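One-letter residues, chain by chain:
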Amino acid sequence: MCAKKSDSVTFRIDEKHDKVLRKIADEQKISLNTLVNHILGNYVETEVYLQKFGTLKLSTDSFRRILAELDDKTIVDVAIRAGSLEAKEFILFKWKELNLQSVTGFIKIFFDVCGFGRYDIVVDSFKVVLSAHHDLKEKGSLYIKYFLESLIRTSLDKSSKTTITEDSVTIEFQA
């Protein structure tokens with residue numbers, strides 16, 4: 001495996017930010033260099049696109065309360081629209097093409113950055129299995145199920161098999 005090329009860059013940061021970053025790096029048992037590379041990489045690879053696309057940040061509690069006020073049909077309708085339109089538009093905006101790699105890249109952002117839960121995804125030559133655990137309760141599972149199913153159906157032209165519980169969603173489809 002080839003090592004990534006890197007450049008040595010010198011810049012100044014506020015003393016207060018330096019102290020906080022060093023504390024975070026120490027808590028995570030990583031070097032300051034690794035932490036700063038992660039932060040900059042996340043900004044360049046994700047945050048710039050989320051900002052340009054006009055993505056809102058909302059707490060899990062607020063989203064859970066919104067879902068609690070909606071009936072199941074409305075949640076399904078909103079999830080299908082978000083998965084088939086907005087998600088697909090974001091993928092095309094960031095990656096410029098719809099394929100398994102760009103869709104799984106979006107799913108990573110959906111869970112890791114947008115905060116819809118924790119996930120594990122396994123891709124082999126035959127199938128893709130995504131397991132997600134979240135804190136959005138039953139209506140959150142309903143939303144995530146229809147969001148992901150419509151994303152996969154409209155972006156990859158694949159049907160999927162989904163299992164949900166109150167706090168988890170597992171979805172499987174052909175690679």
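Here, every reference points to the structure presented above.
**Brief notes about the sheet that holds strand β3 (residues 160-164)**
Part 1: One open sheet holds the 4 strands; their spatial order is β1-β2-β4-β3, and the pairing between them is antiparallel. The two strands at the open ends of the sheet, each matched to only one other strand, are β1 (118-123) and β3. Strand-to-strand twist of the sheet, defined as the mean angle between neighbouring strand axes without regard to direction, takes the value 10°.
Part 2: Where helix α5 (residues 100-113) meets the sheet, its contacts fall on β1, β2 (127-133) and β4 (168-174), and the angle it forms with β1 comes to roughly 165°.
Part 3: Helix α6 (residues 137-156) contacts β2, β3 and β4 of the sheet and is inclined by roughly 15° relative to β4.

**Here's the deal with the nonpolar core**
Most often, soluble globular proteins have nonpolar side chains that are buried together.
Part 1: Counting 32 residues, the largest nonpolar core has Phe106, Phe111, Tyr143, Ile144, Phe147, Leu148 and Leu151 as its most contacted members.
Part 2: The set of elements that each furnish at least two residues to this core consists of α3 (60-69), α4 (72-95), α5, β2, α6 and β4.
Part 3: With 8 residues, α6 is the largest single contributor of residues to this core.
Part 4: Leave out the neighbours within four places in its chain, and Tyr143 touches Phe63, Leu67, Ile75, Val78, Ala79, Ala82 and Phe116.

**Examining the packing of helix α1 (residues 15-28) against helix α2 (residues 32-53)**
Part 1: Close contact between α1 and α2 brings their axes to 9 Å; oriented N to C, the two are set at 105°. Here α1 is positioned roughly perpendicular relative to α2, judged by the angle of their axes. Where α1 abuts α2, its residues Asp18, Leu21, Arg22, Ile24, Ala25 and Gln28 lie against Leu32, Leu35, Val36 and Ile39.
Part 2: The class makeup of the residues in the contact of α1 with α2 is 7 nonpolar, 1 polar and 2 charged.

**Quick word on the pairing of β2**
Part 1: In β2, alternate side chains face the same way, and those of Val128, Leu130 and Ala132 are buried while those of Lys127, Val129, Ser131 and His133 on the opposite face are not.
Part 2: Strand direction decides the pairing type here: β1 and β2, joined by 6 bridges, are antiparallel. Looking at the pairing, Val123 lines up with Val128 of β2.
Part 3: Hairpin connection, β1 to β2: the antiparallel pair is bridged by 3 residues.
Part 4: By the bridge criterion, 7 bridges tie β2 to β4 in an arrangement that is antiparallel. Opposite Lys127, over in β4, you have Gln174 as the bridge partner.

**Points about the packing of aromatic side chains**
One pair of aromatic rings is described through two measures. These are the centre distance and the angle between the planes.
Part 1: Enumeration according to the criterion identifies 15 aromatic pairs in this entry.
Part 2: Relative to Phe93, the ring of Tyr49 lies with its centre 6.2 Å away and its plane at 85°, an arrangement referred to as edge-to-face. A residue pair is termed long-range when its members are at least 10 positions apart, and Tyr49 in helix α2 and Phe93 in helix α4 qualify at 44 residues.
Part 3: For Phe93, a relative accessible area of 30% translates into the label partly exposed.

Parameters and conventions
Residues take numbers from 1 onward in each chain, read along the sequence in its written order. The predicted nature of this model means local features are confined to residues of pLDDT at least 70 and side-chain atom pairs, given and counted, to a pLDDT of 80 or more, with totals for whole chains, interfaces and linings taken over all residues. Side-chain descriptors were evaluated using all non-hydrogen atoms of the structure, hydrogens and water having been removed beforehand. Note on pairing: DSSP must find at least two bridges between two strands before they are called paired. In this description a helix means any DSSP run of H or I spanning at least four residues, a strand means any run of E spanning at least two, and both kinds are numbered starting from the N terminus. Fitted lines through C-alpha atoms serve as axes, helices being fitted only where they are in contact, and the angles separating the N-to-C directions of these axes extend from 0 to 180 degrees. Contact criterion: two residues are considered in contact whenever any of their non-hydrogen atoms come within 4.5 Å of each other. Among buried residues, those of type Ala, Val, Leu, Ile, Met, Phe, Trp, Tyr and Cys that are joined through side-chain atoms within 4.5 Å constitute a nonpolar core. Buried means the residue's accessible area, taken with a 1.4 Å probe over protein chains only, is under 20% of the maximum for its type, while exposed means over 50%, and partly exposed covers the values in between. Small angles under 35 degrees read as roughly parallel and large ones over 145 as roughly antiparallel, with 65 to 115 read as roughly perpendicular and the rest as oblique. Residue polarity is assigned by list, with Asp, Glu, Lys and Arg as charged and Ala, Val, Leu, Ile, Met, Phe, Trp, Tyr, Cys and Pro as nonpolar; anything else, Gly included, falls into the polar class. Pairing of aromatic rings covers Phe, Tyr and Trp, the last counted by its six-membered ring, and requires centre-to-centre distances within 6.5 Å; plane angles under 30 degrees mean stacked, over 60 mean edge-to-face, and any other angle means tilted.

None of this, on its own, says anything about what the molecule does.
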